[in-house]
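Each chain, letter by letter, is given below.
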Amino acid sequence: MRLFPFIYLIIYSLMHGYIVIKAKESLRFKQRTMVVLIILSVVMIVMPIFVRIHSSFGLDFSVYNLAYVGFLWMGFVFLFFCILITYDLYKLLLKICGYLFKIDLSRLTPSSRFCFLSVFFLTIILLIYGHFEANDVRIEKITISTPKIPEWSNKLRIVQISDVHIGPIVREKRLNKIIEIIKKAEPDILVATGDIVDGQINNHPQFIEPFEEINPRYGKYAVAGNHEFYVGIEQAVDFMQKAGFKVLRGECVPVAGLINIAGVDDPAAKNYSDLRAISENEVLSRLPKDKFTILLKHRPDIKTDYMGLFDLQLSGHTHKGQIFPISLLTMFYYQVHTGLARLPNDSHLYVSRGSGTSGPPIRILSPPEVTVIDIIYALQN
């Protein structure tokens, strides 16, 4: 993570440079226009870093507006770059085919000006669509049968939120929408699987008050994600505790004699804390095997050393990529990057797409979610 700002600057700068060069080639900009574009690019490249630094002094109106413009621009540049480079690859493929088969395929390639403008307007359309999808919080329902909960309990409803990223972008309006969905679900337990906060929000009770409206009969539990460590683990834990969550940091708690809930810190902890991280195996191996055990873990990593020691792992982190085609990368990197998966030894893993957004306030082919999990008694799984 220490190198992330430098990597970000290099990649984001290259994206801007590519677009500016293609703009000059396609639209024949004059020198004065190019200077304006370069200055605009430099300002927007450093804007997200400036917002992060500025937000450390507290969220306010100026931070929100700067963040929204900066991150919306980031979404625009990313989409523009992806479509533009896809078009250039298409042209390269035509040239290779024309050379190999000795045929003229130039008629299949529109003018550079037409293509650049088409890509521009398509990007705008996708940006608008992505903005609407980011605000379309959906309910995902899953049911798991088990003989490990008492027969008298019949059904236990758990609601999961993840990756809300309360901060410069996700504020009261989006949070209240998520809270209303949770309340309508009437959970017995509410769990938060990391990245709930993404800014300095301790002095803003308007973000705590909505959580106070939710009081499940068996409590609220949370774990720290990587962003909790990025913004400061002490203030993040303090916020979650004030919001009524029991924050599990390498520990397990029995819940009303029904189930066990265990939670571990995100691996980012090792870079931001001197405390030794307690492993999943250490936490889970102490637990009785006859009780249904839920493991809250931000990243959907699956390790063989603790496989079979839990019944259901709840994770987030991936956002299902948030913006296609990033979802292709998360699908490649994680064995399970979204949804429910059955693991060996009758264990399950559910990976949430997340309830908010990180960075650009858009989502494409990855709508945000609140997950409703019904655990029901059954003699056999």
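Computed from a predicted structure; not experimentally measured. (Residues numbered from 1 in each chain as written. Predicted model: local features only at pLDDT ≥ 70, side-chain atom pairs only at ≥ 80, totals over all residues. Heavy atoms only, no water.)

(A) Here's a closer look at the sheet that holds strand β3 (residues 189-193). With mixed pairing, the six strands of this open sheet are ordered in space as β1-β12-β2-β3-β4-β5. This sheet does not close on itself; its edge strands, each paired only once, are β1 (138-146) and β5 (246-247). In this structure, strand β4 (residues 220-223) lies alongside β5, joined through two bridges in parallel fashion. Each residue of the ladder has a partner; that of Ala222, found in β5, is Val247. Of the strands in this sheet, β1, β2 (155-161), β3 and β12 (369-377) are in contact with helix α5 (residues 172-185), which crosses β2 at around 175 degrees. (Pairing = 2+ DSSP bridges. Helix = DSSP H or I, 4+ residues; strand = E, 2+ residues; numbered from the N terminus. Contact = heavy atoms within 4.5 Å. Axes fitted to C-alpha atoms, helices over the stretch in contact; angles between N-to-C directions.)

(B) Spatial organisation of the sheet that holds strand β9 (residues 312-315). Spatial ordering of the open sheet is given by β6-β7-β8-β9-β11-β10, a layout of six strands whose pairing is mixed. For this open sheet the edge positions go to β6 (251-255) and β10 (339-343), each flanked by a neighbour on one side alone. With direction set aside, neighbouring strand axes in the sheet form an average angle of 20 degrees. Where β10 lies against strand β11 (residues 347-351), five bridges are found, and the strand directions are antiparallel.

(C) Molecular detail of helix α4 (residues 112-134). With 23 residues, α4 should reach 33 Å at 1.5 Å per residue; the first-to-last C-alpha distance of 32 Å fits that figure. Restricting attention to buried positions, one finds in α4 the residues Cys115, Phe116, Val119, Thr123, Leu127, Gly130, Glu133 and Ala134. (Expected span 1.5 Å × (residues − 1). Buried < 20%, exposed > 50% of the residue type's maximum accessible area, 1.4 Å probe, protein only.)

(D) Quick peek at the packing of aromatic side chains. Tallying each qualifying case throughout the model produces 13 aromatic pairs. Between Phe120 and Phe121, the aromatic rings sit 5.3 Å apart at their centres with planes inclined by 80 degrees, giving edge-to-face as the arrangement. Plain terms: the ring middles of Phe211 and Phe239 are 6.4 Å apart, the flat faces sit at 85 degrees to each other, and that makes the pair edge-to-face. Residue Phe211 is located in helix α6 (residues 209-212), and its partner Phe239 is located in helix α8 (residues 233-242); the two are separated by 28 residues in the primary sequence. Of the two residues, Phe211 and Phe239, both sit in the buried class. A network of ring pairs unites the aromatic residues Trp73, Phe76, Phe80, Phe116, Phe120 and Phe121 as a single cluster. (Phe/Tyr/Trp six-rings, centres within 6.5 Å; stacked < 30°, edge-to-face > 60°.)

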